[in-house]
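Residue-level structural notes
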Amino acid sequence: MRAPASANAAFSIVRSDEVEGVGALVVLRAPERMSTRRALRRLREADPTGVYDFDHIHLESGVAPAVIASGQVSAGRGPRIGLIDGGVGQNAAVVEQRAFSSERPVAGQHGAAVAHLLLQAAPGARLYVADIYGGAQTGGSSAELARALGWLASENVPVVNISLVGPHNRVIETVVSRISTRGVLIVAAVGNDGPAARPLYPAAYDGVIGVTGVDDNERVLIEAGRGPHVDFAAPGMQTQPRVRGTSFAAPIVAGLLATELAAPNQAAAQQAVARLRARARDLGARGRDDIYGEGLVGGNIHAASR
């Protein structure tokens, strides 16, 4: 997360930011003719106490084939929820929308659908949207995700929804840990790479609420990830809007948790999770399991959207 002095002459600084609760976040460019893998190894050797990793790309965790028009929904005095995704376009429920990979936010189908579902789960919610895609497939980098998390933490948003997946990244893991310690609940989709896939992140980081999706028959989506990082299941198929994937289960859980939290608070956050766990309906093997987690929540929201 910072460039060691011994490496400054060889590496060039692409960007440097102060991230709330974390400190300096520096994006470095490797010297010419040096592979990124070798560059990363060199940085870690030069500064063993620093946190360094590749600037990975995080991808959407579901398909939204049509743009969702939810501009008629107005913001009330409901909970504040952070959304890290693409832009959501014109939406009266959005308090602020900030771009992290482009000059201005760019509306996308995926982000708009996730925002729509957040508002169904938490009516009257006020959304803080971090667009880390800017309309480009090359968006969603780890650096942009880290900056977005820092911004939402600075706004004292108690719950953040991330319907994106990527590989393990030490920088993001550190940011997530520090923000979670401050009482921010991070909810993330477990991904759609199939039951045999390795855990995807940020859902698999410690302290993150990992969410899987179920179909209309309350069976886990065949493409959904599985493992000990699955905490809850929620509807992952909707007809209004027409979407499918764990991306669209996560905002249901995020919205339900946000209705109980006015501000970041670690004790209150854990109590909210415990109350949601108590309301979850057990599916699959008795008790918690690696397919449905603690069980299904938000089934009434699924029914209302059909």
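Above this text sits the structure in question.
Let me begin by describing the structure that accompanies this report. (Residues numbered from 1 in each chain as written. Predicted model: local features only at pLDDT ≥ 70, side-chain atom pairs only at ≥ 80, totals over all residues. Heavy atoms only, no water.)

Considering helix H4 (residues 170-181)
Keep this limit in mind: Labels follow the DSSP assignment, with helices taken as runs of H or I lasting at least four residues and strands as runs of E lasting at least two, numbered in each case from the N terminus. The span you would expect from a helix comes to 1.5 Å times its residue count less one. Relative accessibility thresholds used throughout: buried, under 20% of the residue-type maximum; exposed, over 50%; partly exposed, between the two (1.4 Å probe, protein chains only). Whether two residues touch is decided by their heavy atoms; if any such pair falls within 4.5 Å, the residues are in contact. Contacts described as polar in this section are N or O atom pairs within 3.5 Å, which, within protein, must combine one atom able to donate a hydrogen with one able to accept it, while residues neighboring in sequence count only if both atoms come from side chains.
In this model H4 runs 17 Å from its N-terminal to its C-terminal C-alpha over 12 residues, within 8% of the 16 Å that 1.5 Å per residue would give. Those residues of H4 that fall on the buried side of the exposure criterion are Val-171, Ile-172, Thr-174, Val-175, Val-176, Ile-179 and Ser-180. Residues of H4 that are buried sit in contact with strand S2 (23-29), helix H3 (142-154), strand S9 (185-189) and helix H6 (266-279). With a side-chain oxygen lying 3.0 Å from the backbone nitrogen of Val-171, the N-terminal cap of H4 falls on Asn-169. Positive backbone phi, approximately 100 degrees, marks Gly-183, located one or two places after H4.

Topic: the pairing of strand S7 (residues 159-162)
This is how the line gets drawn: When DSSP locates at least two bridges between a pair of strands, those strands are taken to pair.
What you see with S7 is no split at all: Val-159 and Asn-161 on one side and Val-160 and Ile-162 on the other are buried throughout. The pairing of strand S4 (residues 80-85) with S7 spans 4 bridges and is classified as parallel. Following the sheet pairing, Ile-84 is matched in S7 by Ile-162.

What to know about the pairing of S4
With respect to burial, S4 is a largely interior element, 6 of its 6 residues being buried. As defined by bridge partners, S4 adjoins strand S6 (residues 126-131) across 6 bridges and the pair is classed as parallel. Paired with Ile-81 across the strands is Leu-127, a residue of S6.

Some details on a positive patch on the surface
Using the following cut-off: Each patch groups residues whose relative accessible area exceeds 30% and which form no salt bridge, using 9 Å between like charges and 5 Å between nonpolar side chains of Val, Leu, Ile, Met, Phe, Trp and Tyr. For accessible areas, the Shrake-Rupley method is used with a probe of radius 1.4 Å. Any residue's cover is judged against the shown protein chains and nothing else. One speaks of a salt bridge when a side-chain nitrogen belonging to Lys or Arg is within 4 Å of a carboxyl oxygen belonging to Asp or Glu. Positive charges come from Lys and Arg, negative ones from Asp and Glu, while His and the chain ends are left out of the count. Where a charge sits is defined by one atom per residue type, namely NZ (Lys), CZ (Arg), CG (Asp) or CD (Glu).
A cluster of basic side chains, namely Arg-37, Arg-38, Arg-41 and Arg-42, defines a positive patch on the protein surface. By the secondary structure assignment, Arg-37 is in helix H1 (residues 36-46). On the basis of relative accessible area, Arg-37 is assigned to the exposed category, the value being 59%.

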